[in-house]
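Chain residues, written in single-letter form:
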Amino acid sequence: MKSFQNFCKQYVFWIVGLFCIFAIILHSIHIQFPYFNSDEASFAYNGYSIAQTGKDEYGSFMPSRFKAFGENKLPVTIYTIAAFVKIFGLSELTARLPFIIIGVISPILFYILSKRLFNNIVIALISAFTASISPWIQIISRHIHEDLIIMLLTIIAVIYLINLLNKFKWQYIIALSLLSGIGLFTYHIGKVLTVYFFFVLLIILAYQKKSWQICLKSIIIFLIPVIIFGFTELQNPTTRVSNLLFINDPGFTASIEELRKEHDERIIHNKLTQSIIVLTQKYLSYFSPEFLVINGDENPRFGFKGISPITPITYILVLTGIYFLFKNNEKYRFFIISLLLIAPITASLSWQEYSLTRSFLLIIPILTLESYGVYHVITKIKWHYIAVFTSIGLLGSYLFFTFYSWDFYYNHYLKKRDTIYAWQGGYKELNTYIKQNYDSTKQFYITKKLGQPYIFTLFYLQFPPHEYQKQAQLTELDEYGFGQVEQFDKFTFSFKPPTDERNIVYMGYPEDFQGSNINKNQIKKITIHNEEIFWIYNIK
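Just so it is clear, the model here is predicted, and its values are computed rather than measured.

Q: Looking at this structure, I do not really get the pairing of strand β5 (residues 523-528). What am I missing?
A: Examined bridge by bridge, β5 and strand β6 (residues 531-538) share six bridges and lie antiparallel to one another. Paired with isoleucine 523 across the two strands is tyrosine 537, which belongs to β6. Between the antiparallel neighbours β5 and β6 lie two residues, among them histidine 529 with a positive phi of about 50°.

Next up, the structure:
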């Protein structure tokens, strides 16, 4: 083991670089992910609008919230995309590039974090390796999603907290404050993280027995971005969060009413008692093998049965890592466990059964605990040859399960009907037709049955933001907290029964055309993996 450790120490930068290449290879396969959903298009077009005009799609100058579909998106993701779009132009790849980069450098991030936690190069390299081929990290990083920025911020913040615990410096407090503030303006998980970082800060200050003047000054510095965020939240509250809470789900209320019909005791069957039960069950379910190993995300946009977030080997090694963490009295054991315990809180509050994105922070303690567990399993074996065979067996098993997750993702997942519709497939092809026929067409009627069709048209046509801002109008929000753009330019986003009027284009799903007296030989069909998505009818 010593010779292996010396080898790792000597070539550590080359090894971590190799792991980054592994991540690059995984991204290079199907580098142009075939689907681009409406949320991504909204992030990307608003980034494009900021890059071109300094305003969002509705004409608000450098906003702290982006109106988008009416949900008031947090700004950091869009401003990040805007910087890349300004340099490289607008495209699917450019808009996704910041998140791909974070996925590619994730081995570096996990190496630094694990090295800081355990002061062990081998453990850090194991963590870097698992990050490089982790389906949970690398698949999510192929899309536009705030989780990747949150993961980056969290890892950096944890490192600063460790530094602060070892030696008090004001720059650590300032850095922690800034990171928490950026997290608040990035994703809703940032709220939970900020509360967590604040309590950890208080514990560190108490542990170091700092004077009340230093404690007060530290608290004020930390809370400055929190106050700023709170002010902007009062001005433009995000509607999406309240709509996602499980207590606002009609099914939750219906279940209480059913219990009362069967046993009419309101002191037993009420929102408070049922909330405690549901929240506890949902919270614990995020640590179950059913979620972590077998099912993953129930939303086909982010997961599918066959793509395991972690392997069965990882699950066992995490439990092993927790055991050795306390057996060895690791200095930061409570820090790691507390991060593990707070990670699924946001996901537990949602009505969705399982969510990889809302529980994304779990991957940080999981990979660090896994690497710690496997290291101590191997080093506790006294006989060299058994240790070697155990290492080979664990690595082989890990690669076996990981390979089949990636195989399903590349060769099966993208072809599934549920995947195509969850990702709103077909809009790219639809707007390619629009671009080719724009000049010769008087009006386009486009179905709004699935998603927000207007944002795809803005994105793929790279419609000039300064022109769209003059026309942008959003309808009243529906019960889910979303509005619709019904028309702009020569586009009407509502399907209309087709007529024989020339140079009018009708775009809809096959069922939209049922009952219409049209010549089906004149229909152009957009098909993805033998699945008919859109029909286009146009008499020229």
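Q: Help me understand unusual backbone geometry in this model?
A: Generally, phi is negative for residues other than glycine and the peptide bonds are trans, each holding for most cases. Unlike most non-glycine residues, asparagine 72 shows phi in positive territory, near 60°. The residue asparagine 72 is located in the loop between α3 (38-53) and α4 (76-88) in this model. On the basis of relative accessible area, asparagine 72 is assigned to the buried category, the value being 14%.

Q: Explain a nonpolar patch on the surface here, please?
A: Residues Leu18, Ile21, Ile24, Ile25 and Ile29 make up a contiguous nonpolar surface patch of roughly 400 Å² in combined accessible area. Among the secondary structure elements, isoleucine 29 is positioned in the loop between α2 (12-28) and α3. Relative accessible area serves as the criterion here: at 34%, isoleucine 29 is assigned to the partly exposed category.

Q: Help me out: how do you make sense of the pattern of salt bridges in this one?
A: One side chain can pair with another of opposite charge once the charged atoms of both are near each other. Using the criterion set out here, one finds eleven salt bridges in the structure. A salt bridge links glutamate 40 to arginine 96; its shortest N-O distance comes to 2.9 Å. Taken as a pair, glutamate 40 in helix α3 and arginine 96 in helix α5 (residues 92-118) lie far apart in primary sequence, 56 residues in all. Here the two residues glutamate 40 and arginine 96 agree in accessibility, since each one is buried. The salt bridge partner of glutamate 501 is lysine 442, with a shortest N-O separation of 3.3 Å. One end of the pair, glutamate 501, is in the loop between β3 (491-492) and β4 (504-508); the other, lysine 442, is in the loop between α22 (427-437) and β1 (443-446), and 59 residues separate them in sequence. Take lysine 442: its relative accessible area is 49%, and that puts it in the partly exposed class.

Q: What is the right way to read the side chain of arginine 96 from this model?
A: Assessed through its relative accessible area of 2%, arginine 96 is described here as buried. In contact with arginine 96, other than residues within four places in its own chain, are Phe33, Tyr35, Phe36, Glu40, Arg142, His143, Ile144 and Trp423.

Q: Can you help me understand the nonpolar core in this one?
A: Note that soluble globular proteins tend to have their nonpolar side chains buried in a common cluster. Counting 153 residues, the largest nonpolar core has Trp136, Met151 and Tyr454 as the members making the most contacts within it. With twelve residues, the single largest contributor to this core is helix α8 (residues 146-166). Tyrosine 454 has contacts with Glu57, Tyr58, Ala68, Phe69, Tyr468, Val485, Phe488 and Phe493, leaving out every residue within four places of it along the chain. By size, the runner-up hydrophobic cluster in this structure holds ten residues, among which are Tyr445, Phe495, Ile504 and Phe513.

Q: Is there a simple way to think about the environment of alanine 68 in this case?
A: Of note, alanine 68 is situated in the loop between α3 and α4. Every residue in contact with alanine 68, bar those within four places of it in the chain, is listed here: Ser42, Glu57, Tyr58, Lys73, Tyr454 and Leu474.

Q: I keep staring at the sheet that holds β1 and nothing clicks. Help me out?
A: Hydrogen bonds between backbone groups are what pair the strands of a sheet, and the pairing can be parallel or antiparallel. Overall, mixed pairing links the six strands, which are arranged β2-β3-β1-β4-β6-β5 in an open sheet. Since the sheet does not close on itself, it has two edges, and those belong to β2 (487-488) and β5, each with one partner. For β1 and β3, the ladder comprises two bridges, and the chain directions are parallel. Bridging from a neighbouring strand, tyrosine 445 pairs with threonine 492 of β3. The strands touched by α22 within the sheet are β1, β3, β4, β5 and β6, with β6 carrying the most contacts at an inclination of about 20°.

Q: Is there a simple way to think about the packing of α2 against α5 in this case?
A: Between two packed helices, the angle of one axis relative to the other and the distance separating the axes together describe the packing. For the pair α2 and α5, interaxial distance at closest approach is 9 Å and the crossing angle is 150°. Judged by the inter-axis angle, α2 sits roughly antiparallel to α5. Pair α2 / α5 crosses with right-handed handedness. Between α2 and α5, the residues in contact are Val12, Val16, Phe19, Cys20, Ala23, Ile24 and His27 and Ile100, Gly103, Val104, Ile105, Pro107, Ile108 and Tyr111, respectively.

Analysis parameters
Residues numbered from 1 in each chain as written. Predicted model: local features only at pLDDT ≥ 70, side-chain atom pairs only at ≥ 80, totals over all residues. Heavy atoms only, no water. Pairing = 2+ DSSP bridges. Helix = DSSP H or I, 4+ residues; strand = E, 2+ residues; numbered from the N terminus. Buried < 20%, exposed > 50% of the residue type's maximum accessible area, 1.4 Å probe, protein only. Patch = residues over 30% accessible without salt bridge, like charges linked within 9 Å, V, L, I, M, F, W, Y side chains within 5 Å. Areas by Shrake-Rupley, 256 points an atom, 1.4 Å probe, with all protein chains shown as cover. Salt bridge = Lys/Arg side-chain N within 4 Å of Asp/Glu carboxyl O. Contact = heavy atoms within 4.5 Å. Core = buried A, V, L, I, M, F, W, Y, C linked by side-chain atoms within 4.5 Å. Axes fitted to C-alpha atoms, helices over the stretch in contact; angles between N-to-C directions. Parallel < 35°, antiparallel > 145°, perpendicular 65-115°, else oblique. Left-handed = near helix turned anticlockwise from the far one by under 90°.

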